[in-house]
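Descriptive structure summary
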Amino acid sequence: MTERWSRDQVLSLAPDAASQKAAAGVSAPGKWSGSGALPDVVWGECKGSGATPYRACVDLSEPAYKCSCPSRKFPCKHALGLLLLWASGGVPDGGAPAGWVTEWLEQRRSRAERQDKRECEPAQGFRPSNGSAQRESRVTAGLSELERWLTDQIAHGIAGARQTGLADWDELGRRLVDAQAPGVAGAVSRLSRVLREEDWPGLLLEEYALIHLLAVAYRRADGLPAGLVETVRSRVGFPITREDVLASPWIRDDWDVVGARDEEQDRLVARRIWLQGRATGRAALVLSFAPIGQALDASLVTGTTVDADLAYYPGASPVRALVAERYGPATAGPPAGTKLSRVPGRIAEVLAGDPWADSWPVVLGDVIPSAESLVDESGNALPLHPSTGVPWRLLAVSGGRPVTVAAEWTPRGLRPLTVWDEEGQVVRL
């Protein structure tokens, strides 16, 4: 039987706070009938305002949801309420699923088989783009102009950046978009965040240096290792198709879903889900995007472990990946934590392959949280990101005792994502 999720894990699937509150309201045992659970599926009927109860079903292996209610939210409050009831032990294990449950599962299997067949069929009528050389020429010209612009900025000084920077960066970003270098344009557009910081001059120089390094690396790509060339092209903004990623070798492992974080980017919400392989020890980042207000991919639940093949995007320090094939849930429990003292060396290896990396997952074992850092028994410490504030929830779970913490490393400190208490229960931060 699939290990029951915690309340935090279930609520993390909700599309918004209102859905979380509504789900709690329909999670009472008295509202449900005909419920049951098998290793990969939970189902039940929830009493609503009408005479006919709402039928809700969740495929735990994805997860995927089905409900007869008219809600446009995904998952709806009934699916979430069912999961909350299951998480609390209110859904009995076993039993024969109702016909509507079996029918839905069969439809899902049929669609998956058709999709697998389509993916195995060779593409017809493919023609390589004849605009590749033209784009390379545009990018080269755009990044050459960028190098000159950065040289001028350093020559004249950055003292006036708070007065003129926003307008200058906006214009520069538009020119880089015209030059078909959207990745660099995005890096320029994010410079405005630096001005909010008290130590903005030093941070701005660091960002300028990284952007300049990227432009120079693209210009000198012929002399770089193949993996680093892939990294540079990705950072500049050259796309790689999903098909090309899936054509690379797959890596199968039991992948711990160690944490997730959502952030807004240009009217989109990006969900960053971090994985760690139990056998390989490899880190992986699965990204998904959705317009603000719409549901994001909720197929990887923090604190669970999934047996799956991952396909990595190319690069010198590959981390972004696609879930190529899932084989079902794996044995759960807290992931293996590394010693805090080993983190600086690991991050140095990452930056040697990708100097522009600004985040990386770390799972730290036997660390004690403080108001500003994570500390191990030897007194080694890593600071928390300034935006974290005082991590009250993390401190409460720890109670001054060593715990396992998953965090996102950034150049300015760690962002705690998840903690496992002494009993191995997962708590999202």
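The notes below deal with the structure included here. (Residues numbered from 1 in each chain as written. Predicted model: local features only at pLDDT ≥ 70, side-chain atom pairs only at ≥ 80, totals over all residues. Heavy atoms only, no water.)

Counting buried residues along strand β10 (residues 360-369), 8 of its 10 residues qualify, which places the element largely inside the surrounding structure. With 6 bridges connecting them, β10 and strand β13 (residues 403-410) associate as antiparallel partners. Its bridge partner being in β13, L364 is matched across the sheet by V405. With 2 bridges joining them, β10 and strand β11 (residues 373-375) adopt antiparallel strand pairing. Its bridge partner lying in β11, P369 is registered against L374. Taking the residues between adjacent antiparallel strands as the criterion, β10 and β11 are bridged by 3 residues. (Buried < 20%, exposed > 50% of the residue type's maximum accessible area, 1.4 Å probe, protein only. Helix = DSSP H or I, 4+ residues; strand = E, 2+ residues; numbered from the N terminus. Pairing = 2+ DSSP bridges.)

All told, the structure shown has 23 salt bridges when counted by the stated rule. Across the pair D16 and K73 runs a salt bridge whose closest N-O atoms are separated by 3.0 Å. Highlighted residues: D16 in the loop between α1 (7-11) and α2 (17-25) and K73 in the loop between β4 (64-67) and α3 (77-87), separated in sequence by 57 residues. With relative accessibility at 38%, the residue K73 sits in the partly exposed group. (Salt bridge = Lys/Arg side-chain N within 4 Å of Asp/Glu carboxyl O.)

Further remarks concern the sheet that holds strand β12 (residues 381-383). Strand order in the open sheet formed by 6 strands is β12-β11-β10-β13-β14-β15, with antiparallel pairing between adjacent strands. The open sheet has two free edges, formed respectively by β12 and β15 (426-428), since each of these has just one partner strand. Within the sheet, the average angular offset between the axes of one strand and its neighbour, ignoring direction, is 40 degrees. Along the sheet, helix α11 (residues 343-353) contacts β10, β12 and β13; its crossing angle with β10, the most-contacted strand, is approximately 170 degrees. (Axes fitted to C-alpha atoms, helices over the stretch in contact; angles between N-to-C directions. Contact = heavy atoms within 4.5 Å.)

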